[in-house]
Every structure is written in C-alpha cells, then in structure tokens.
Amino acid sequence: MFGINNRRDFLGRNALAPMALASLLADGAHSGASTGVWVPPDGRPHAAPKAKSVIWLFMNGGVSHLETFDPKPELDKYAGKTIAATPHKDVQNPEKLKLARVTVVNDANGQQRNVLFGTQTKFQPRGKSGIPVSDFLPHMGAMVDEMAIVRSMVTTDDNHGAQTQFHSGRHMLDGEFPTLGAWVHYGLGSLNANLPQFISMGTREYWNRKDGHYLGPAHDAVPLRVDPANPLDYGKPEMASIDTDRSFRLANRLNRLRQEAEPTDPVLDARLKSYELAYRMQRALPEAIDFSKETQQTQQMYGLDRPVTRDFGMQLLASRRLVERGVRFIQIQHGGGGAGAWDAHGDLRGNHTANCAKVDLPIAGLLADLKRRGLLDQTLVVFATEFGRTPGTQGSNGRDHHIFGFSVAMAGGGVKGGVVHGATDAVGFHAVEDRHYVTDVHATILHLMGLDSRRLELPERKRLEIDHGNVIRPILA
Amino acid sequence: MPPIALALLALLPGVDYLTEVKPLMATRCVACHGALQQKGGLRLDTVARMRIGGDSGPAIVAGKPSESPLWQRVAGHGAGRRMPPKGEGEDVNLAEQMRLSEWIAAGAPAPSKETEDPDPRDHWAFRKPKRATPAEATANPIDAWIAKRWKEQGLVPRPQADRLTLLRRLYLDLTGLPPSMTDIERFLADNAPDATSREVEKLLASPAHAERWARHFMDIWRYSDWWGLGAEVRNSQKNIWHWRDWIIESVEKNVPYDEMVRQMLAADELYPSDASKLRATGFLARQYFLFNRTTWMDETVEHTSKAFLGLTANCAKCHDHKYDPIRADDYYRLRAVFEPYQVRYDVPSGTTDPMAGFPRVFDCNLNAVTHKHIRGDESRPDTRRAMDAGPPVFLNFAKVEGKPVALPAEAHAPETRADVLEAYLKEAEVALVAARKVASEAEAQVAHSRKQPSATSSEAAKPLLVEPFDNLDSARWKPMGAGMWKPLGQALAQTAKIDGRAWLRLANPIPADFEAVLRFRITGGEPYRSVGISFDAAEGRDTMVYMSANTGEPKLQIAWQRNGQYVYPNETKQQRAVPLNTPIELKIRVAGKSVEALVDGKPGASATLPDRQAGALELVTFTATAEFDHFEIRPLPVGYSPAGKSSGRMTLAQAEANQKWAHAEVAAREAEPATLQARFQARLQEVKGTAAQAQSAAREASRLESLLAVIKARAALAKASRDVAVDGDSKKPAVDAAVKALAAAEKASASPGVGYTRLVASSKSPESNMEKPESRAKPFPATSTGRRSALAQWITHKDNPLAARVIVNHIWNRHFGQPLVPTVFDYGRKGTPPTHPELLDTLAVELMEHGWDLRYLHRLIVTSRAYQLDSSTLQPVEQQKDPENKSLWRFPSRRLESQVVRDALLVLANKLDTTRGGASIPVNDEASRRRSLYFVHSHNDHNRFLAQFDDAGVQECYRRSESIVPQQSLALIHGKLASETSETVRQLLDPAGTVPRDVFIRSAFKLMLARSPSPVELDLCNSELAEDNSRARAGLVLALVNHHDFITVR
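Residues numbered from 1 in each chain as written. Chains lettered and ligands numbered in written order. Predicted model: local features only at pLDDT ≥ 70, side-chain atom pairs only at ≥ 80, totals over all residues.

Quick word on the overall build of chain A
Each helix and strand counted, chain A has 14 helices and 16 strands in total. The C-alpha radius of gyration computed for chain A amounts to 23 Å, which stays within 12% of the reference 23 Å derived for 477 residues, consistent with globular compactness. Judged by the C-alpha coordinates and their principal axes, chain A covers about 80 × 55 × 45 Å. Burial analysis of chain A (477 residues in total) assigns 58% to the buried set. Long-range pairs, those at least 24 residues apart, make up 76% of the contacts in chain A between residues at least 6 apart in sequence. (Helix = DSSP H or I, 4+ residues; strand = E, 2+ residues; numbered from the N terminus. Rg over C-alpha atoms; globule rule 2.2 N^0.38 Å. Buried ≥ 20, exposed ≤ 12 C-beta atoms within 10 Å, placed from the backbone. Contact = placed C-beta atoms within 7 Å.)

Written out as structure tokens, the structure reads:
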C-alpha cells in the first residue's frame, strides 16, 4: 500500500518490492544508520527484528488486574473497610492521585472508591514459574511460562477514552494520533503480496475507529470479518448484472497497455500493483480465513466447538493463519458495545466470569498453536486493556475505572516467558515498582519489530518524549 | 568524567564540529540561546559566540571541557541547572556528551567563516510579499516565473495538452464533475480562439463550481457535523450545515476572501443583525467541545493560526516556539481573543424554536480572564497575570486594538425582534383555534349525552393483567438484551450497567387500545437512565413512552421507531425532574393513534402516532439500572377520550366536566396574545426605553402574566375535575393540588410587581457539561469585546505578510495537486520554503490588489501556460533531472478526491441530484444521488464509499492524502454505484442497442476517459466484445471506470 501524501514517501516506498523484503529480513539487513536528516521509511527495519508480526488483543472496558494477574491478599484482609481505616490509607494521598486527567468532570464513573472490595476469585501458582494467575483464567494460566506479565502499568485518562490512549499514547483531550499498528504499518514493508498488512477484527468503539490519522488513511487497519463468504467491504460484487471479474481483467489489461505507453509514470505503476493486490486479496482472504483444512483438534484448541468461545476463537485462529501468511499487525478488540464489555461497574464477579470464559481458552490455544508451529518466537501476542479496576467497591459488587496501576501480558516474539515485571502496592492501587506508561508497551513492541519511533516521526509532527516511551528491557528475552 | 569514559575518548577519531557539535547545539540549545532568544545573554549558534558567552561568562574554555559551563550544564555536572531544562528537550546523552567534551578538549576548533543564524523576524514569510519583475515578461505573470525555473534547470516543458484533456481537467478542477458528452461535442466543435476562456467563465459562474470549491474550503476550515455519544452533542454543533451553505453561497457570489475570513471570525461584531452572514461564525461554533474549555480554545487558536496564517502557534502552548518568534505569551494572548465567546441558536423568522436555527457565536463572558498555563498544564494557571488579547507580538506591521462593539437590541436580545413576537402570536392563534374546536366538540358531546345518557358510571375498569414482580415469571416475560434481572421479592431489578437497552417482552398479546401502569424506580446507569413502556414492538419499529433521568435533559418522552430510526419530537416531550431511587408511576393510555402519558397521576406528554401496527408490549431500560415494582394493563376507562376529544361514550357528568375544562382552555388561550404582547413590550422597553417606560411595561407584563396564571390554574382545576369524573376518585389528590395552586395564583395576582418572563428566542449551548441552568439563562451582553473583529482586521490587513500567501498556496495546490509551499500550514522557519518564491509573492500581491477576488485568481491560474501543459512523463531528460516535477515541466496528474469519484459516477450516469444545501444527509443513505459534500461528515460517521478514497480528515485536513490502496479498486469494481453507472452509461451511449461496436468503444473512451482509444486498445476492446451484448458493453464501461485515466485528472 502506498501513501503518497508526499512524493518522496511515495517514491521511497514504491521502490521496494514486497517479496524482496522477506529475503532482506531473513538476511537480517536493515535500514541505514540515522544521518540526522529525515528520510521517509523505506520499509526496512532500523535494527534486526525479533518479532515479525503482532497479535494485539485488546479487552474493551477495563480488565480488573486484581482478578487476573495481580493477587492482593491484603484486599481480602481489609475487605469492607474504608481505605482510610487501613494501614494502606496513604494510597489516597491527593499528591499520588494527581496522575489523573479528568475528561468528564461530573462523571458517575472514574471516581475514588473508598471501601475495599475482596478479590472475587482465587489465585493459583501456575506453570513451572509458579506465577499466580486467577481461576478466571485457568487456560492462560497454564501457558504462563510463555508470558511476561507487567503489573505496573499506568495511564492518565480515567474515562474510556483511555482505549484510544492505549493505542495512540495520547489522552482523549489531545486530539487524534496514529495508533501503534499504524506506526508499524507505516514503518515496515509487506511480507505478503496478497494480503493487507494491518487488519482489525472485533467491534471498535466509536472513539477508536481509525488508526492512520496524520499518517494518512492508507495506514488505517483493514476491517476483516471472519466470514469466508464476505470477509471485507466491497470484497464481492454487489450487483450481478455485470461480469465484474471480466471487467477487472480487462481493466488490468488496459492499464497495462497504458503503462507500456508511459512506463515512467510512478503513480500508474502503483495503481497497477494495487489492482493486482486487490485481485489477489479478494482471492487470498477467503482462503486465509477458511478453517476447513484445520483439524478438529486445532479447532478445539481455540474453542470453536463451544458457543461461548467460538466467536473470539475464530478471530484468533484467523490471526494465526494470517500471521503464517505474513500479516504484520492484527488488532482484535474484544467486548464491543457501549464502553466495552469488561466495564464491570456492577457485578464484577459475574462480568469477569463471563468475559474471561470467552477469551481464556482461545488465547491459551493461540499461544500453544503458535508454539508448536514454531511461530511464537516471531509473533508477539499482547493482552491489553485500557485500565484496571479500583481496589474499592463501586455500588455493592463492582469496581470502577482505575488508572494508577494495572496489568498487561505479552508472549512470544522476543519477550521472556514466565516472568513478572513491576508491582503495585499491597492493595493493588498504585504501580510502585518499574512504573510504565502505555507508550512503554509501544516502545517495547517497536523495538522487537526492529523499529525506532524517533526515526519514524515526521518532521512536521514532532512527538513528545512521552509519546516515544521507553523499552521495557527486563522482559526482553 | 568517569575514567572509563575518558578511556573511551582516546579511541574516538577527531570530532567534526559541523556534523557533530553544531547539529547538537541546533536541536537542543539554540531555540533559547540563538537568534530567536538569548536567554542569559547567551548564543550558541557559533563557536565565536560560545567563546564570548553570556551573562555568566564564556560557555566554553577551549581545551578544558570539565571547566566549560556548556559541557557542565549538558552533562548535569556542577552547580548550574542541567540543560536543556526538563520539558524543553531531550537530555544530551552520554555519547553526545563525550563528543562535545572531546571537541572542547581538542581546543574547540571552529570553521573559518562561521555565520550567525539570521534574525528570525527576517524570515521570508514574515516579510511583506513584493511583486518582482521577471527578466522575461509573459502575458500571464505566472508563466514568467515558471519558465525561469525551466531555464535555470535546462528543462523543456511538455507541449500544450490536447483540447479534450484540457476540457476534462477544467471541468473536474473547477466543478468537480467531468463533462457530459454534450459538453464534449459542443466544445470540440467550437474552434473560436476564445473557446477555452469562455468555457472557464461558464464553469466559474456555475453552481457546481461553488459546491466544488466550498468542499475545498470545508477541508481547510475543518468542517464537521456534530458528534457525541448518543444524543449528547460533544463536538461541533447541530445544524452546522448552515455554515456549509454559507461557504457555498459565498463562493458562488465570489465574496472576497478577506471578507469571508472577517465574517467567519467576527460576523457577530461586524454584522450583528445579518442572519445570513452570522452563519459564517460556524467556523468558531465548530470548535465547540463540551467537556473541556481548554481543549476547545486550543483547537480554536491552533486552527485559526494554521488556516489563515500558516503559523504553528500551537507549538507555543507549553513553551516559547522552538523555531519561530512566537512566545508562549502570544499563544495565550491569542486565546484571550476567543476567551469570551460561546455558541447559541436564535429563533429563525416564523418559528419559536431556537433549535430550528443555526449555531452562531457571541461574546458571552466579557470578563472571562485568560491565564497562561505553566508548561501548558491547565491545572497550573499563572494567576498573577491576566493575558491581554491580541496577535503574536513579533508581527507588528499594524496595531489593531479590539474596541468594545455596542450591539443592536435584536442581536443581544433577540426576544425583542418583531418577527419573534409575530411567531409567538401566530402560534397562540393556532392554539386558540384548536382549543375552540375542542370546545365545540365538547359542547356537542354534552348535547349528545343529554340525549342518550350512558348507563355506565365512571367505575374503574378491571385489569387485564397484574404483575406484582415478586419474581421473574418467565412464562410471561422474556428478558432481552444484555440485562441482568434480579428478583428482590417485592420488585424486579435490572442490575446490568450496560450501554444500551435491556428489556422484558410480554408474551401475551394485549388489545390495541389499553391503559398500562408501571411503577418503578431508576437506580443508576449512565448516561440516559431511561425506563419506560414500549408497545407495538417489532423488528425496527415500536412506540416508547419513557422517563429519562439524564443529567443533561431529564424528561418524559414519547418516541417512535420506524424502519429502525427513532424520532423524538419536541412536542411529545416533557422536560421535568426525574429523581433517582424514587418511586415513579408512569401511566399510558393508548387509543387508536393517540397516546397520553401521565406521571404520578399528572398529565405529562401526549402524541398522535403516524400509524400503528400490532406488536409486543415491552418494559424497557436504556443505559439504566432500575427496579420494577408493579405493572398492570387495563381497558381504557369508560368514556375515555384522548386530549379532550369526544369518544361518544361519555356520561353526562363526564361530558359536562369535559366541556368545562375545554372552555377553561379556550379562556387561557384567549388571554395569551395580550400577555405575549406585554411580555414582549416589557423586554423591549427594558432594552430600548427609559427606566420609567421599562418599569411601567414590566408592571403591565407582570400583571397580565399573573392574570393568565390564574386563568391557567382554573383550566388545570377544570382538567383535574374532569379527570376525576372520567377516571374516578383516584384523581382526587390532583384536584386538591389544583385548588391550592389556583389560590396561590390568585393571591399572587393581587400584587403582581414587576417580574415577568421574557419570550424565549435563543438557546445557548452549554458552556460545559458542568454549566447550571441559571448560567445558561443569563442575558446576553449588550456589547461584544471587539477582540475577534480586531484579529480578523489584522489577519486581513494589507500589510500582513502571511494571509495572502497562505490562501494563494491553498488555491494553487488544489489546481495543480502540489503546493508552492509544501508545508501548507507552516510558513515558519521549520517549514519548507516555496518552490517558486517570486511566483508565490506575485500571486499574493495580485490577489490583494484585486480586492482578494478568488475568481480572479482561479482565472489567472487556469489560463496560464503552466496549467495547460500535457501531463505525460514521457521526457527522459526532464524525468531524470526533475522526477518529482517540482519545476512543473509537465502538468502534475493527480487522483480524483473521494467526493469527485462519487459525483463523477453519478453525473456520467445522468443521475446526479443537483438539489442544493440543507441538512446533511445520513452517511448510510445509499439511495441519495446528491453531491457528496452534503453527506454527514464527522468523527463518528463515515460514508462507506467516500472513506475508501482518502476522505477529508475531520480533525484537520489542510491537504488531502492521496493513497493507492486495494480497497479503492474493490469499491470501483464491486460497488453498486460503479456497476449502476456502467449500465446507465451503456444505455446513454447505445439506447437502442444499435450502435456499431467500434463506435461504442470510441464513445465510451471519449466520455469516460476524455480521449480516443489507441489502435491496440481498440483491438483489445473489440476482442473483448467478441460476444457482443449489452451486458458485455456495460462490462466494458465498468473496466473504463477502473482505468487509471478515469480516476486521474490528467
């Protein structure tokens, strides 16, 4: 795909044939050293990459860290007590709460919740590493030796705009900025001439529907439906009155004649390539998401045989097939509708029991499947969410939005397995060790993909230090 | 320095100042210590300056890095503050520190002739444009400067484009629509020498031109329809399309550019009584943001600067600009210009509903203070100092000061407009006529009942269904949606906090006419917290009667859904308090198409439905948690008649009670006009009259209003008595309340005073989600600060170096597909200098000298030789010397913008609906054939087809992206629009199926691509049509829709 907002960009990217890149990658060749003069990305990584592809699993609404990856016995000890009445009262020290940037001042949600709420599930040590993972996630727990769990995430938007923030690094009030997937797409060339390189699945919430923003719509994810009969918009003829396949072929031949007459027109060349890609894409995509050749055992690993896991499992199985075929970045949003299905302001136990049951088995299946096929080393799987949930109770049995400390997990693609990094305090309120803002996750992923965000940024769009983030080095393999 | 670093130093080769030290200074130090600013008296842009140093002595001591303040500061050694300061730039890393140290150690060698950075105020864009004299003059001044570049670079330009290519280029460029076959034939037959210029004039004068170029301005001025969450307006404003229509009309009338800018920024100060011009302030209304005034102001400052001045003032929000002489103070001075403004809607002539009008701005908070935010942090305002309002100080070509502007009454008190009173009186008249009609029906009813006294009394009908909700009876109710239903013993709770609907569907059918009572409490949720009864529910349709405990607009509403779309009429709504956690009784009565809703026994809202179709009954929550206490369904009360209409089944007592109420209503309506007149007069005298006149008018208004209140209280009592007669004694409490209310009204009318209610002629948009009703209702100031008109005068001042250059560049970019200044919104020192500086300046001067006449500029550009060149790349020498065509040796071909792709398909198929203006079309209205600029354009809504072709960004779009992605091909090959167009074009070219194949192919090429097929193309198409039929011919046209030459302006 070619963004030609500026000619240099266009010429630069067009110069590199997609298939040539695969061999470049294999050789470990990378883009030349920084010269101080900005040049548009040429599709090659800036450094030798560890990961080839990313599967970005985003749980909309805010997963409770306290019921998944971050056990807090003190919560049970003081359950029902106000925080101020416990030895941990300093967590609500106003100085420590200044991190929050409030979007909606009188919002019913995103407030301090003062009465501690006991953990709504139990934790068990899992795997050889013995890392505790909650009973809500038994299958992911069994794969914990593949995972690096970061328990010290923080963000600043106490509203669900934090979903956008987790993707772009910027608060809802700051405007619209490219998402991580768009940066990867902008920075890296294609690994498969037949498929779009940046794909999204699942329901995207209204504040988070686009990716490219100032990088241009060419860097938006292509929305994909896991339906071989109708995988994407305009993927098949909307009217039968014309033999569109035939017109497609004729158009291509006419455009080729045009190119023979004017071989030096670079745009024409790009258009032909894009038509050819379109033609191949509409054929390749249904095949890529056709599971008929997957064994029953594989399908069961992803939970395709169970109604509760089937939808998400299909997206994950499709992801593995797309990764196998060289797709760079697959972004899956789980839990559409409203602010996100995980938004357990009430009945946290019921909510997380139900939602975890939908994703736990498929994610574990994905990791196991990638591993047995030797793909996990080059595929980075990320389990993320916009924020955690309050240690205090909201209503009688819910938890509110919590930005001061929460967890994400990563696996494969150059990340250590079976490690925990960072920590929250005794009640899971503040990240206190190795705190990481969301762009640290971006920096880590870009680093593993061999990209340097400072060399990607556009000269007219100077980014801030915090936009670039810092690589979370201790979890690198 | 640590020993290990020193050891490493020895291994490094000599440091090159120019490639290693100077760039480091330039990126980290020079913004504060250079030509732009000399903090501490220090400049670091040359070695000589470093040696001289600043207030605290030399910055470097040659040979001694550890004694050099420069190195100490960047390395964080010594007592001084580490540089660059936090928040002002990245730390100098260890490797850079070592290189710097080594360079100093080596004696800080300097190049022999190092020049200092020039004064930023002398930057080309900050100096007035001047017309230069070309060495070789040409008829069109553009061509002299273009030819100069050719000559300098030894380039030979392409020849003139052929006539048909040029015609298509002109049509697409000037109107956004390709020429029809008639246009083509007519032009090709016209061999007069002025044929092209006549065509240009015709196109410039066409309505299509106004729509085409309006869309360009909508890009630059970031047009957006409103968006938010659900019905809550969070960004931009409702009815903002009036601004879009103003843009179209302004282009059509060729309003001078400077005047357009002035109207957009300050029509409310410059033309306070001119509704047509006030629409222009949509530019500022669009910046609206509900949640955060700083974000709102930031966008206003940023985009006013970028759009009109090509300045990135936004970079000076947190600190002084790093490249341009814009101080952070300047940023907040610009903000101060806009600080007082807010948005409101005034009633348009002939209505009393402000929301039927358009959003316009006005200075609302004259004393609003702007404080600088320390490091751009809004939680840290520098309250020691109030910022004054004005443009950036360094652009001091003219002093324009904002002087307060006195506003006419109709502008600050629209309720004093004569047409507003007229509309109110007309409305009162209509209501009176209706009331009289009801009264005469009621009289007829009495007569009827006298003749045929009904046997039945007013006994309450027996319930058809009673649901005490002591558990969830799954045989009776089917839970739907994502709700969680929990029986509480005496009530049933919906506990899931979901963003959507959760409801119970009744399994049993119910009669078409019925009464239903629901007792419930709303316990939480966000944001609407709606609970109510839905009936006639089926896929995509139902009628809902519900209560919303929404913080923004609590209400009782009757709404209905048809084909999946809800309508929420204002007339079927009652704004009222809806308390949380409080028992509410909602009763609905459905009789035919009539629906009445009563809350706690009091009439709330009523509606007449457009139609009815049987469906299910449902109890609904929408983004609400709730507890249902009780529900029952009964037949309508005997003799029930909706809204006073006679049902023919009333008892005499009922009919008389009903008649009494109807007469009381007539009396109230009769008293209305005089009261309206008095209220109007009172406000008019308050605004325009003497104090004595004002007081006496207020007294009269107060008197009439209090009398009307008595008459209305009597009507309310009559209504309550009638309800008792019809519904039975359960309505007694309402009578008691009405009696008390009447007594109170009578008491008040005995001593009326001077208080009265103004007519409502405006609706102010909430200043924030926190604004209280009293603040929303505060009167509008009678003066405006004049700050915005001063800024507008300053921007459009003839000595402003930026404004003309910026718009000329935008116009040029849209004609040629490439701008003269590539950084179209940054003319500062970080921007890219113009490819043709003299040309840019000449056009800027030309534009200003011709009264900012944009049509003059269009004409000048499209009649230049440069514009009329062929676009082929087939010149190897030029292609090699200037592959990016910066010198314009050929016309730069470009892809059609998204709107043009769709509009072109429609117009070629002869299906374009040329209806102009009006409300934006929903994005999913695929049946609409109107021009694409009329679709809703917002952050939330994207038309599926337009989105494939780089539709304008909503946040900003100073320049369209031009991507080539496979989805575009798929949309053009598979999309319905492309297929339909191809079939219609086939019919147009070959209506009877008799046109010879060869001729058909040639015509199709001519119409779709504006050229003839080459022999080999002809052969290919002929062989494609070997099996020749209409389907194959349409297929050929579709292939041409997908031809590079179709989607390209050549």
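Quick word on the domain arrangement of chain A
Residues and elements named next belong to chain A. Structurally, chain A comprises domain 1 (7–226 + 293–475) and domain 2 (229–288). Of note, the centres of domain 1 and domain 2, computed from C-alpha atoms alone, are 35 Å apart. Of the residues lining the interface, 13 residues belong to domain 1; the matching set on domain 2 comes to 12 residues. (Domains from an automatic or database assignment.)

Examining the interface of chain B and chain A
Accessible area lost on assembly of the parts is the figure often given for the size of an interface. The interface of chain B with chain A comprises 58 residues on the first partner and 63 residues on the second. Tallied by class, the residues present in the side of chain B that touches chain A amount to 19 nonpolar, 24 polar and 15 charged. (Nonpolar A, V, L, I, M, F, W, Y, C, P; charged D, E, K, R; others polar.)

Some remarks on the environment of B:Ala26
You can see B:Ala26 is positioned in helix α2 (residues 17–28). Considering only alpha carbons, one finds B:Ala26 and B:Lys830, 804 residues apart in sequence, at a separation of 12 Å.

Topic: the nonpolar core
Ranked by internal contacts, the top residues of the largest apolar core, which has 273 residues, are A:Val382, A:Met410, B:Val808, B:Ala1004 and B:Leu1040. Per-element tally for this core: the top contributor is helix α11 (residues 348–372) of chain A, with 9 residues. What A:Met410 contacts, discounting residues up to four positions off in sequence, is A:Met147, A:Ala148, A:Leu380, A:Val381, A:Val382, A:Val415 and A:Ile475. Membership of the second largest hydrophobic core comes to 45 residues, among which are B:Leu518, B:Ile558, B:Val578 and B:Phe622. (Core = buried A, V, L, I, M, F, W, Y, C linked by C-beta atoms within 7 Å.)

Some thoughts on unusual backbone geometry
Note that the residue after B:Met83, namely B:Pro84, is joined by a cis bond; omega there is -10 degrees. Between B:Glu526 and the following residue, B:Pro527, the backbone shows a cis peptide bond with an omega angle of -5 degrees. For B:Pro527, the location among the structural elements is in the loop between β13 (514–524) and β14 (530–538). Its identity as a non-glycine residue notwithstanding, A:His213 has a phi of 45 degrees, on the positive side.

What to know about the environment of B:Thr312
Residue and element names in this part refer to chain B. Checked against the element boundaries, Thr312 lands in the loop between α15 (293–309) and α16 (328–338). Residue classification places Thr312 among the buried positions, given that 24 C-beta atoms sit within 10 Å. As for Thr312 and Pro1013, which are separated by 701 residues in sequence, their C-alpha atoms are 49 Å apart. Discounting chain neighbours no more than four positions away, the residues touching Thr312 are Ser305, Lys306, Asp826 and Gly828.

So, the pairing of strand β21 (residues 602–608) of chain B
All names here are of chain B. Pairing between strand β20 (residues 594–599) and β21: 6 bridges, direction antiparallel. By the bridge assignment for β21, Ser594 is matched with Thr608. Count of turn residues in the β20/β21 antiparallel hairpin: 2 residues, of which Asp600 carries a positive phi of about 50 degrees. (Pairing = 2+ DSSP bridges.)

Brief notes about helix α32 (residues 997–1009) of chain B
All names here are of chain B. Taking 1.5 Å per residue as the helical rise, α32 with its 13 residues ought to reach 18 Å, and the 18 Å between its terminal C-alpha atoms agrees with that figure. All of the buried residues along α32 are Phe1000, Ile1001, Ala1004, Phe1005, Leu1007, Met1008 and Leu1009. Contacts made by the buried residues of α32 are with α8 (181–189), α28 (898–908), α31 (976–989), α33 (1015–1024) and α34 (1030–1041). Just past α32, the residue Ala1010 takes up positive phi, approximately 55 degrees. (Expected span 1.5 Å × (residues − 1).)

A few points about the domain arrangement of chain B
Here chain B is partitioned into domain 1 (3–117), domain 2 (236–404 + 787–794), domain 3 (418–454 + 650–760), domain 4 (465–636) and domain 5 (976–1049). A C-alpha centroid distance of 51 Å is found between domain 2 of chain B and domain 5 of chain B.

A short note on helix α24 (residues 803–816) of chain B
For the α-helix, the turn length of 3.6 residues means that residues three or four positions removed from each other point alike. Residues and elements named next belong to chain B. With 14 residues, α24 extends 20 Å between its outermost C-alpha atoms, agreeing within 8% with the 20 Å of an ideal straight helix rising 1.5 Å per residue. Most of α24 sits out of view: 12 of its 14 residues are buried. Among all positions in α24, only Ala803, Ala804, Arg805, Val806, Ile807, Val808, Asn809, His810, Ile811, Trp812, Asn813 and Arg814 are buried. Following α24 by one or two positions, Gly817 has its phi on the positive side, about 75 degrees.

Thoughts on the sheet that holds strand β3 (residues 341–346) of chain B
Residue and element names in this part refer to chain B. On the basis of which strands lie adjacent, the open sheet formed by 3 strands has the order β4-β3-β24 and antiparallel pairing. Among the strands making up the open sheet, the edge pair consists of β4 (359–363) and β24 (762–764). Pairwise comparison of adjacent strand axes, ignoring direction, gives a mean angle of 40 degrees for this sheet. (Axes fitted to C-alpha atoms, helices over the stretch in contact; angles between N-to-C directions.)

Things to note about the confidence of the model for chain A
Confidence in the prediction of chain A, expressed as mean pLDDT, is 89, and 91% of residues score 70 or more. Across residues 1–29 of chain A, where pLDDT falls below 50, the model places 53 contacts with residues more than four positions away in sequence or in other chains. (pLDDT = per-residue confidence, 0-100.)

A look at the confidence of the model for chain B
In this model, chain B carries a mean pLDDT of 92, and residues with pLDDT of at least 70 account for 97%. Interface confidence for the predicted complex, expressed as ipTM, amounts to 0.79; the pTM equals 0.81.

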